[in-house]
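Structural description and commentary
Below are the chains, spelled out letter by letter.
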Amino acid sequence: MRYLGLDLGTRTLGVSISDESKTLANTLTTLRFDGNYDNLLEPLKKIVNDENVEKIILGLPINMNYTIGDRGKVTLEFKEKLEKYLNIEVIMQDERLSTVEATNYLLQADMSRKKRKKHVDSLAANIILQTYLDKMKGMK
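Computed from a predicted structure; not experimentally measured.

By the bridge criterion, 7 bridges tie strand β2 (residues 12-18) to strand β3 (residues 25-32) in an arrangement that is antiparallel. From the neighbouring strand, Ser18 faces β3, where its bridge partner is Ala25. Where β2 hands over to β3, the hairpin turn is made up of 6 residues, of which Lys22 adopts a positive phi near 60 degrees.

Here it is in structure tokens:
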């Protein structure tokens, strides 16, 4: 069984997946959509079934002052949709600065702007999932 990490944007959804031991996160894909989050449900269901996913870790955009803004509210609504549609537990993980961190990694790798745009969302999902995995290993 594996965990799936998600970074929800306005037009893209970054997806990462853990290894079987739930120690390492790996980028999986970036799903593009037209702004209607319902269009993500079926592709995610396929990933959950194909990859034997038992839990989803969804990045929650929290403001720097720990409040939840409009993007956070949309993300919480998406969480409810995922849980109902997939019948799977969805855990919220603070994602503050994950996209900035992902962009910095790609800049350090000297990746072109065009390539960065293709990879930043799945890498942000990877950071969200790895943060959660590290936190869980530290609690044991």
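Of all hydrophobic cores here, the largest spans 22 residues; its most connected members are Leu4, Leu6, Leu13, Leu44 and Phe78. Looking at this core, the elements that each hand over two or more residues are β1 (2-8), β2, α1 (41-50), β4 (53-60) and α2 (70-86). The element best represented in this core is α1, accounting for 4 residues. For Leu13, the residues in contact, after removing those within four places along its chain, are Leu6, Asp7, Leu8, Thr29, Thr30, Leu31, Phe33, Leu40, Leu44 and Phe78. Counting residues in each nonpolar core, the second largest holds 7 residues, with Tyr3, Ile57, Tyr132 and Leu133 among its members.

Reading guide: rules and limits
Residues numbered from 1 in each chain as written. Predicted model: local features only at pLDDT ≥ 70, side-chain atom pairs only at ≥ 80, totals over all residues. Heavy atoms only, no water. Pairing = 2+ DSSP bridges. Helix = DSSP H or I, 4+ residues; strand = E, 2+ residues; numbered from the N terminus. Core = buried A, V, L, I, M, F, W, Y, C linked by side-chain atoms within 4.5 Å. Buried < 20%, exposed > 50% of the residue type's maximum accessible area, 1.4 Å probe, protein only. Contact = heavy atoms within 4.5 Å.

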